[in-house]
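Spelled out, the chains give:
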Amino acid sequence: MKKPVIGISGSLIIDSSGNFAGYKRSYVNNDYILSVIKNGGVPFIIPFNENEEVIKAQMEMVDGLLLSGGHDVAPRNYGEEPMPKLGDIFPERDDFEYGLLKAAFEAKKPVLGICRGAQIINTYFKGSLYQDLSYMGIEVLKHNQVNTPARVTHSVTVDKNSKLFEIFGEEKFMINSFHHQAIKEVGAGLVKRAEAPDGVIEAIEKTDYPFLIGVQWHPEMLHESVEKMNKLFERFIKEASNE
């Protein structure tokens, strides 16, 4: 049986030294690749570009879309001006991933968004973000553990009516954390499905779509250290196989 092909949205990295300083390279972090392979899929890096026809054609080649992490989402995408604690943005990548999402939705292909990917989903559906957790106006947990990506650091509580609960079979479990932005207003047609003890939204789902989940943590970084995190990739890839 043909294995489902999972398209992973790529970014650009710029060499800072050596013979090719300033040279742009297409890439994704290798944990995304390993997580897809481990759970029965064929990883396919979708390189960043700004050609709408190419973006649509790229989505035609894959069975599911995994939106990867990275830059802050540009505030213009949710009607705000940049605030002082906004991090590095890549507006052209935002547009690229919105194009991938549009093509995926038109074809009813499953979508999994991770960290920035969840925020891209939310803003695509006209939701908004806190440009920095400090703007929430509350005392928040440490949501950027900086190092040790394979270690879990804080808990999340999952809605029992969610696909996430169906997948993990647990209402509360531990996750890792690498973000300084967070979902503010949930986008149209999306539902909050998990949150941290401080109220930070940790997962969203689209209930009127076959499979669309966005998680704020990084399950791909836990694919070896926390075995149950593979359940999310396993279900996502199964959805992409049309079983």
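Residues numbered from 1 in each chain as written. Predicted model: local features only at pLDDT ≥ 70, side-chain atom pairs only at ≥ 80, totals over all residues. Heavy atoms only, no water.

### A closer look at the sheet that holds strand β4 (residues 42–46)
Defined as follows: Here, a strand pair is defined by DSSP locating no fewer than two bridges between the strands. Under the DSSP-based scheme used, a helix requires at least four consecutive residues in state H or I and a strand at least two consecutive residues in state E, with every element numbered from the N terminus. To obtain an axis, a line is fitted to C-alpha atoms, over the contacting stretch when the element is a helix, and the angle between two such axes runs from 0 to 180 degrees between their N-to-C directions. Any pair of residues with heavy atoms lying within 4.5 Å of one another is described as a contacting pair.
The strand order across the open sheet built from nine strands is β4-β1-β5-β6-β13-β12-β11-β8-β9, with neighbouring strands paired in mixed fashion. Looking at which strands have only one partner, the edges of the open sheet turn out to be β4 and β9 (172–175). With direction set aside, neighbouring strand axes in the sheet form an average angle of 25°. As paired strands, strand β1 (residues 5–9) and β4 are joined by five bridges and run parallel to one another. What sits directly across from Ile8, in β4, is Ile45. Packing against the sheet, helix α3 (residues 91–106) makes contact with β1, β4, β5 (64–67), β6 (111–114) and β13 (212–215), and its axis sits at approximately 155° to β5.

### Looking at unusual backbone geometry
As a reminder of what qualifies: Relative accessible area decides the class of each residue, using a 1.4 Å probe on protein chains only: under 20% of the type maximum gives buried, over 50% gives exposed, and in between gives partly exposed.
We note that Cys115 has phi near 55°; this positive angle belongs to a residue other than glycine. With respect to the secondary-structure elements, Cys115 resides in the loop between β6 and α4 (116–124). Residue Val146 is not a glycine yet carries a positive backbone phi of 70°. Counting through the fold element by element, Val146 comes out in the loop between β7 (129–130) and β8 (154–158). The exposure class of Val146 is exposed, given its relative accessible area of 55%.

### Here's the deal with the environment of Arg151
In this fold, Arg151 is placed in the loop between β7 and β8. Through-space distance from the C-alpha of Arg151 to that of Leu222 is 7.4 Å; in sequence the pair is 71 residues apart. What Arg151 contacts, discounting residues up to four positions off in sequence, is Gln145, Asn176 and Leu222.

### Section: the pairing of β5
Defined as follows: A right-handed crossover is one whose linking path, passing over the helix from the first strand to the second, runs clockwise when the strands point away from the viewer.
Every second residue of β5 is oriented toward a common face, with Gly64 and Leu66 on one face and Leu65 and Leu67 on the other, all of them buried. As defined by bridge partners, β1 adjoins β5 across three bridges and the pair is classed as parallel. Opposite Ile8, over in β5, you have Leu66 as the bridge partner. Of the pairings in the sheet, the one linking β5 to β6 comprises three bridges and is parallel in character. Bridge pairing links Leu67 to Gly113 in β6. For the crossover from β5 across α3 to β6, the handedness is right-handed.

### Looking at the environment of Thr157
Tracing the sequence through the fold places Thr157 in strand β8. Taking C-alpha positions, Thr157 is 36 Å from Lys56, a pair spaced 101 residues apart along the chain. Thr157 has contacts with Glu171, Lys172, Arg193, Ala194 and Glu195, leaving out every residue within four places of it along the chain.

### Some words on the packing of aromatic side chains
Put simply, the test is: For Phe, Tyr and Trp, rings pair up if their centres lie within 6.5 Å, where Trp contributes its six-membered ring, and each pair is then called stacked (planes under 30 degrees apart), edge-to-face (over 60) or tilted (otherwise).
A complete count under the given rule lists 11 aromatic pairs for this structure. Relative to Tyr23, the ring of Phe20 has its centre 5.7 Å away and its plane inclined at 50°; by these criteria the two rings are tilted. A relative accessible area of 48% means that Phe20 is categorised as partly exposed. Aromatic pair Phe105 and Tyr124: ring centres 5.7 Å apart, planes at 40°, arrangement tilted. Separated by 19 residues along the polypeptide, Phe105 in helix α3 and Tyr124 in helix α4 bring together distant segments of the chain. Phe105 sits in the buried class, given a relative accessible area of 11%. We classify Tyr124 as partly exposed; its relative accessible area is 25%.

### Here we look at the side chain of Ser128
Mapped onto the secondary structure, Ser128 falls in the loop between α4 and β7. With relative accessibility at 4%, the residue Ser128 sits in the buried group. Ignoring anything within four residues of it in the chain, the contact list for Ser128 reads Tyr78, Asn122, Ala182, Ile183, Lys184 and Glu185.

### Concerning the pattern of salt bridges
Stated formally: Salt bridges, as used here, are contacts in which a Lys or Arg side-chain nitrogen is within 4 Å of a carboxyl oxygen on Asp or Glu.
Overall, the coordinates contain 17 salt bridges when judged by the stated rule. Taking the shortest distance from any N to any O, the salt bridge between Lys2 and Asp63 comes out at 3.4 Å. A residue pair is termed long-range when its members are at least 10 positions apart, and Lys2 in the segment before β1 and Asp63 in the loop between α2 (52–60) and β5 qualify at 61 residues. Judged by its relative accessible area of 23%, Asp63 falls in the partly exposed class. Across the pair Lys184 and Glu80 runs a salt bridge whose closest N-O atoms are separated by 2.9 Å. Within this pair, whereas Lys184 is found in the loop between β10 (182–183) and β11 (190–195), its partner Glu80 is found in the loop between β5 and α3, the two being separated by 104 residues in sequence. Under the relative-accessibility criterion, Glu80 is labelled partly exposed at 21%.

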